[in-house]
Amino acid sequence: MLKAFWRNDSLSPDGGGRASTASAVKETDPLRSYMQLERYGLVVTKGDQFRGHPDFQTLFQKALDIIDDRFALVPEGFVSMPTTLMDVPGCPEVDLETEPFLLSRTCVTNAQYQKFVDAGAYEDLELWSEELWPHLISFHDQTGKPGPRFWRGGKHDRAKADHPVVGICCAEAETYARWAGFRLPTEAEWQMAASWRIRSSAHVFRRYPWGDALDTRRCNIWATGLGTTSPVTSFSDGAAPNGVLQLIGNVWEWTSSDLDLTDDNGVPLIGDMLMKAIRGGAFDTYFACQATSTFRTGLACLSRTHNVGFRCVLDAGQPGA
Amino acid sequence: MAMMSAFGMGNDEPQIPCLICESPNGTDAAVCSECAAPMSLVMDTAAQGRQHQIISVLGESNVGKTVYLGFLLDMLSQRAKGFEAIPKGAYSVDLQQSVVASMTGRAFPPKTAMEPDRWHWAYYQARKGEGRKTKWYDLVMPDMAGESLAAEIASPSTFRIIRSLLQKSSGAMLLVDAALAANGASRPDFFALKMMSYIDALIQTKREQRVRTPIAVVLCKSDHCPECFDDSRKFVQANLNRLWNLCESRFETVEYFACSAVGSLAYATGKDEDGGDYVRPVPLHTSLQGVLEPFEWLISKI
């Protein structure tokens with residue numbers, strides 16, 4: 001756990017930033033299959049069921065090492081989230097405390113998500129909640145194959161293997177995370193990771209993970225000028241103190257929280273369908289004030305847009321974490 | 001004559017022709033006495049002494065003309081995609097300022113008034129790229145009210161300024177509500193059809209000749225129907241077929257573009273001052289897609 005804390009060096013060669021697109025031979029051994037599909041969270045949290053496996057200790061330790069490399073500890077803290085549309089000093093806020101947790105240092109990449117698709121996750125109804133079954137048929141790519149909206153033929157663009165996966169709705173993000181043994185962050189957890197408001201007498205609070213001033217060289221927003229997503233390991237200068245990358249910019253990030261904002265009269269906002277909170281801004285976020293650690297917004301939970309991805313969380317209290 | 005002099009309209013008073021309707025106006029006039037175009041714009045274009053080009057942004061009420069034009073100007077002034085754009089006159093900045101201020105406050109800008117003297121006008125010098133040989137365009141872009149356009153189409157010459165503007169336009173952007181069209185509503189198709197038919201009649205080309213004025217058909221609110229981004233032409237052919245057919249028959253230079261400015265939309269509900277229910281759309285965040293492309297195409301054609 002300490003290894004995951006305060007890391008700010010580059011990701012390991014097989015880390016989340018590098019995404020091998022080579023198709024692997026299908027593994028029939030369940031534990032090895034979990035490792036091959038990068039379901040490391042499942043290995044460390046459900047490892048007990050494999051204790052009889054001859055290579056259990058080795059594989060379990062390997063999964064732990066990889067999680068240690070790819071995740072970083074976000075310490076316990078607290079966040080103040082504006083509850084109305086107007087995010088100005090003095091506006092109504094809700095204060096929440098967050099427990100320590102491990103947060104993926106990068107968003108899930110196309111290559112990582114490819115393993116989920118290739119494993120037949122979209123055809124496996126057991127992975128999806130029953131209320132989603134009628135929608136599964138809509139979760140297809142440009143060619144009608146199951147997968148993110150912008151893929152073709154069930155495959156991602158190889159040139160974007162290490163870019164965050166986009167074109168997935170919140171349900172797909174949640175299902176992937178659960179499949180891999182993780183979960184999505186709550187909105188408060190995301191804000192804690194980005195604002196780094198740890199409990200201390202100093203009451204430090206960051207508008208951006210790197211500090212209080214916008215710097216377009218540290219994040220990928222509209223003003224940066226790239227106009228598209230970038231690899232998940234780029235913009236390393238914009239990392240949070242624990243090494244978590246791109247909390248601001250590149251892609252908005254799904255959270256597990258419902259959007260609960262009100263208008264200035266305190267009346268809850270409504271959407272065409274349930275809205276989930278998304279955070280952080282994206283490469284096409286025009287207003288810099290909408291890509292900060294505190295800016296709250298949301299998106300219809302089944303939207304599959306070009307600029308929303310996600311990252312995973314592992315509870316710090318989990319075995320092995 | 002004595003009375004004219006008393007109103008400053010004597011023969012010796014310097015007169016300046018309106019850039020829209022060409023009516024002569026005194027230099028101290030605020031708006032053109034004939035078409036209500038702002039005289040500050042008229043005088044600025046005259047002072048530049050360069051050939052200006054009018055780009056009209058057309059579309060029905062609530063399609064998003066103000067938001068589109070405001071963001072376009074703001075992006076240009078931030079040198080997006082290698083453009084360089086210089087506003088001529090402080091009034092040219094008002095529109096983009098109004099749009100930016102509203103959208104950062106998560107509200108849509110106020111509706112454009114029907115009266116031409118209350119429209120926003122932008123006069124920009126713009127070019128793409130750098131270097132001596134790069135061509136500068138002097139662009140005049142008014143933000144017309146959708147209601148005024150509808151009234152002019154229904155009864156030509158109700159708003160003479162619109163007629164004059166379109167006659168003098170080097171190019172036009174026709175904004176269409178793609179979200180409504182995708183939901184099967186025929187209104188966007190009919191409005192666009194009427195607008196294009198009006199332009200066709202206005203230009204008065206012979207039947208065997210097609211209108212040469214370049215028209216960019218901009219599918220607004222495409223975030224609601226992402227297929228617009230996948231293939232804009234296919235979308236128009238399928239969902240705005242009347243418009244498609246007229247463009248094919250009568251217009252020589254038309255291209256179709258998908259565009260969106262709002263990243264996510266929610267609704268605020270409540271009671272207004274009269275006790276009636278209201279539903280107010282709230283742009284939760286801004287995410288610009290396809291704003292510059294129609295403009296880039298248009299100036300390459302004018």
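Residues numbered from 1 in each chain as written. Chains lettered and ligands numbered in written order. Predicted model: local features only at pLDDT ≥ 70, side-chain atom pairs only at ≥ 80, totals over all residues.

### Quick notes on the overall build of chain B
Right, so step 1: Along chain B, the regular secondary structure elements total twelve helices and eleven strands.
Right, so step 2: The globule rule puts the C-alpha radius of gyration for 302 residues at 19 Å, and the 20 Å found for chain B is close to it.
Right, so step 3: Projected onto its principal axes, the C-alpha positions of chain B cover 65 × 55 × 45 Å.
Right, so step 4: Taking as baseline every contact in chain B between residues at least 6 positions apart, the subset at least 24 positions apart corresponds to 68%. (Helix = DSSP H or I, 4+ residues; strand = E, 2+ residues; numbered from the N terminus. Rg over C-alpha atoms; globule rule 2.2 N^0.38 Å. Contact = placed C-beta atoms within 7 Å.)

### Regarding the nonpolar core
Residue and element names in this part refer to chain B.
Right, so step 1: Counting 180 residues, the largest nonpolar core has Ala37, Tyr68, Leu174, Val176, Val218 and Leu219 as its most contacted members.
Right, so step 2: Here this core gets eight residues from one element, more than from any other, and that element is helix 3 (residues 65–77).
Right, so step 3: Looking at which domains feed residues into this core, each of domain 1 (1–49) and domain 2 (53–301) gives three or more.
Right, so step 4: Beyond its immediate sequence surroundings of up to four residues, Val176 is in contact with Gly59, Val63, Ala181, Pro188, Ala192, Val217, Val218, Leu219, Cys220 and Leu240. (Core = buried A, V, L, I, M, F, W, Y, C linked by C-beta atoms within 7 Å. Buried ≥ 20, exposed ≤ 12 C-beta atoms within 10 Å, placed from the backbone. Domains from an automatic or database assignment.)

### Some points on the pairing of strand 5 (residues 120–128) of chain B
Residues and elements named next belong to chain B.
Right, so step 1: Bridging between strand 4 (residues 83–87) and strand 5 involves five bridges; their strand directions are antiparallel. Its bridge partner lying in strand 5, Ile86 is registered against Gln125.
Right, so step 2: With seven bridges joining them, strand 5 and strand 6 (residues 137–143) adopt antiparallel strand pairing. Within strand 6, the position partnered with Ala122 by the bridge is Met141. (Pairing = 2+ DSSP bridges.)

### Points about the confidence of the model for chain B
All names here are of chain B.
Right, so step 1: Scored by pLDDT, chain B comes out at a mean of 89, with 95% of its residues at no less than 70.
Right, so step 2: Counting interchain partners and residues more than four positions distant, the pLDDT-below-50 stretch residues 1–9 has seven contacts.
Right, so step 3: Interface confidence in the predicted complex, given as ipTM, is 0.87; pTM for the same model is 0.88. (pLDDT = per-residue confidence, 0-100.)

### Points about the domain arrangement of chain B
Residues and elements named next belong to chain B.
Right, so step 1: Per the domain assignment, the segments of chain B are domain 1 (1–49) and domain 2 (53–301).
Right, so step 2: The C-alpha-based centres of domain 1 and domain 2 are spaced at 29 Å.
Right, so step 3: With twelve residues of domain 1 in contact, the opposing surface of domain 2 contributes 14 residues.
Right, so step 4: In the side of domain 1 that touches domain 2, the residues fall into eight nonpolar, three polar and one charged. (Nonpolar A, V, L, I, M, F, W, Y, C, P; charged D, E, K, R; others polar.)

### Comments concerning the environment of Asp263 of chain A
Right, so step 1: Relative to the assigned elements, Asp263 of chain A resides in the loop between strand 5 (252–258) and strand 6 (275–279).
Right, so step 2: Placed 30 residues apart in sequence, Asp263 of chain A and Ser293 of chain A show a C-alpha to C-alpha distance of 21 Å.
Right, so step 3: Aside from chain neighbours lying at most four places away, what touches Asp263 of chain A is Thr84, Leu85 and Leu269 of chain A together with Ala268 of chain B.

### Section: the interface of chain A and chain B
One widely used convention gives an interface's size as the accessible area the parts lose upon coming together.
Right, so step 1: Taken residue by residue, the interface counts 20 residues in chain A and 15 residues in chain B.
Right, so step 2: With three residues, strand 7 (residues 297–300) of chain A is the largest single contributor of residues to the side of chain A that touches chain B.

### Considering the packing of helix 8 (residues 187–203) of chain B against helix 11 (residues 241–250) of chain B
Residue and element names in this part refer to chain B.
Right, so step 1: Where helix 8 contacts helix 11, the two axes come as close as 8 Å, and the packing angle between them is 20°. Judged on the interaxial angle alone, helix 11 and helix 8 are roughly parallel. Of the two elements, helix 8 crosses helix 11, and the hand of that crossing is left-handed. Every residue of helix 11 that contacts helix 8 at Asp189, Phe190, Ala192, Leu193, Met196, Ser197 and Asp200 is listed here: Arg242, Leu243, Leu246, Cys247 and Arg250.
Right, so step 2: Looking at the contact of helix 8 with helix 11, its residues break down into seven nonpolar, one polar and four charged. (Axes fitted to C-alpha atoms, helices over the stretch in contact; angles between N-to-C directions. Parallel < 35°, antiparallel > 145°, perpendicular 65-115°, else oblique. Left-handed = near helix turned anticlockwise from the far one by under 90°.)

### Examining the packing of helix 3 of chain B against helix 4 (residues 91–104) of chain B
Residue and element names in this part refer to chain B.
Right, so step 1: In contact at an axis separation of 8 Å, helix 3 and helix 4 are set at 105° when each is read in the N-to-C sense. The angle between helix 3 and helix 4 falls in the class roughly perpendicular. Contact residues: Thr66, Val67, Leu69, Gly70, Phe71, Leu73, Asp74 and Ser77 in helix 3; Leu95, Gln96, Ser98, Val99 and Val100 in helix 4.
Right, so step 2: When grouped by side-chain class, the residues that make up the contact of helix 3 with helix 4 number seven nonpolar, five polar and one charged.

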